[in-house]
Amino acid sequence: DNGDMVKAGELLVQLDQTTYRDKLLSAQEAERSALVTSDQAAKQLRRMQSLQRQNLVTAEVLEAAEIKANQAQSDLASAKARLVEARQQMERTAVRAPFSGVVALRKTSAGDTAQVGKALMVVIDPASMRFEGFIAADQVGQVKIGQQVSFKVNGYSQRFSGEIERINPQANETTRQVQVFVKITEQ
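Given the structure is predicted, the values throughout are model-derived calculations rather than measurements.

**Student:** Pulling in residues and values, what's your account of the overall build of the chain?
**Tutor:** Helix and strand counts for the chain come out as two helices and nine strands. Order of helices (α) and strands (β) in the chain, N terminus to C terminus: β-β-α-α-β-β-β-β-β-β-β. Over its C-alpha trace the chain gives a radius of gyration of 31 Å, far above what one expects of a compact globule, namely 16 Å for 187 residues. Its C-alpha atoms give the chain principal-axis dimensions of roughly 100 × 40 × 30 Å. In the chain, the proportion of contacts linking residues at least 24 apart, taken out of those at least 6 apart, comes to 61%. By element, 49% of the accessible surface of the chain is carried by carbon and sulfur atoms, the whole surface being about 13300 Å². Between the averaged position of the 24 positive side-chain charges in the chain and that of its 22 negative side-chain charges there is a distance of 2 Å.

Right, dumping it as structure tokens:
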């Protein structure tokens, strides 16, 4: 939930696996079937090659066995690719924390429908937090990158320390203020 600490790799959201489990089982069975068919076609091809060397079958029969063996190999490769895809989809049903941090925003609840591209949760790394503030344009000459700063955020009683990381080169046309980005060094 919002404000919870999470460790890298910790399970955050578990999506319903029913559809993906069925696809995985189907893909596994398709691979097994394709493997059996490929083995049988390869054995048949070897038999036809042996019989052809003895002039007991025509070139046309041998060619048909080769085509069948090649098609079976192609079907096996396709089945293996579908199995890999099904496994990947199954793995994606478990959403894990990419790094240790804090849940900043939970955008889903149990029973919600997940959609591709829709954020489920926002996790932030407190060590990468920064402050974005504004200074009057006429004071920009007094500020330098790397300069130490101290600031207070409304709602917090403590003061924060940081270092100016970037200065926006353009002032806001309406407010005539320049945006500064401060890397927080103490929290």
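That covers the picture; the talk isn't over yet.
**Student:** How would you sum up helix H1 (residues 18-53)? Please name residues and give values.
**Tutor:** Here H1 is 36 residues long and its end C-alpha atoms lie 53 Å apart, about the 52 Å a rise of 1.5 Å per residue gives. Looking at H1, one finds that the buried residues are Leu 24, Ala 27, Ala 34, Ser 38, Ala 41, Leu 45 and Met 48. Those residues of H1 hidden inside the fold are in contact with helix H2 (59-91). Where H1 terminates, the next one or two residues include Asn 55, which has phi positive at roughly 60 degrees.

**Student:** How would you sum up the sheet that holds strand E4 (residues 101-106)? Please name residues and give values.
**Tutor:** With antiparallel pairing, three strands are arranged side by side in an open sheet as E1-E4-E5. Of all strands in the sheet, those bounded by a partner on one side alone are strand E1 (5-6) and strand E5 (121-124). Across four bridges, the pairing between E4 and E5 is antiparallel. Residue pairing in the sheet places Val 102 in a bridge with Ile 124 of E5.

**Student:** Lay out the side chain of Gln 179 in plain terms, naming residues and giving numbers.
**Tutor:** Relative to the assigned elements, Gln 179 resides in strand E9 (residues 177-186). In terms of polar contacts, Gln 179 uses its side chain to reach the side chain of Glu 132, at 3.2 Å. When sequence neighbours within four positions are dropped, the list of residues in contact with Gln 179 reads Glu 132, Gly 133, Phe 134, Ile 167 and Asn 168.

Rules of the game
- Just so you know, the residues in each chain are numbered from 1, in the order the chain's sequence is written.
- Confidence filtering applies because this is a predicted model: local features only for residues at pLDDT of at least 70, side-chain atom pairs given and counted only at 80 or more, and all residues used for totals across whole chains, interfaces and linings.
- Where side-chain values are given, they derive from all heavy atoms of the structure, hydrogens and water being excluded.
- Per the convention used, a helix needs a DSSP run of H or I reaching at least four residues, while a strand needs a run of E reaching at least two, with both numbered from the N terminus.
- Here the globule rule is a power law, 2.2 Å times the number of residues to the power 0.38, and the radius of gyration is based on C-alpha atoms.
- Residue contacts are defined here by distance: any two heavy atoms, one from each residue, within 4.5 Å place the two residues in contact.
- Accessible areas in this description were obtained via Shrake-Rupley with a 1.4 Å probe; residue shielding takes into account the shown protein chains only.
- Charged-residue counts in this description rest on Lys and Arg as positive and Asp and Glu as negative, His and the chain ends being excluded.
- All charge positions are set by atom: Lys at NZ, Arg at CZ, Asp at CG, Glu at CD.
- One fewer than the residue count of a helix, multiplied by 1.5 Å, yields its expected span.
- Here the term buried applies to any residue with accessible area under 20% of the maximum for its type, exposed to any over 50%, and partly exposed to those in between, with areas from a 1.4 Å probe on protein chains only.
- We call two strands paired when DSSP finds no fewer than two bridges between them.
- Whenever a nitrogen or oxygen atom comes within 3.5 Å of another N or O atom, the pair is scored as a polar contact, on the condition that within protein one atom can donate a hydrogen and the other can accept it, and that pairs from neighbouring residues in sequence are kept only if both atoms are in side chains.

Purely geometric stuff here, so don't read any function into it on its own.
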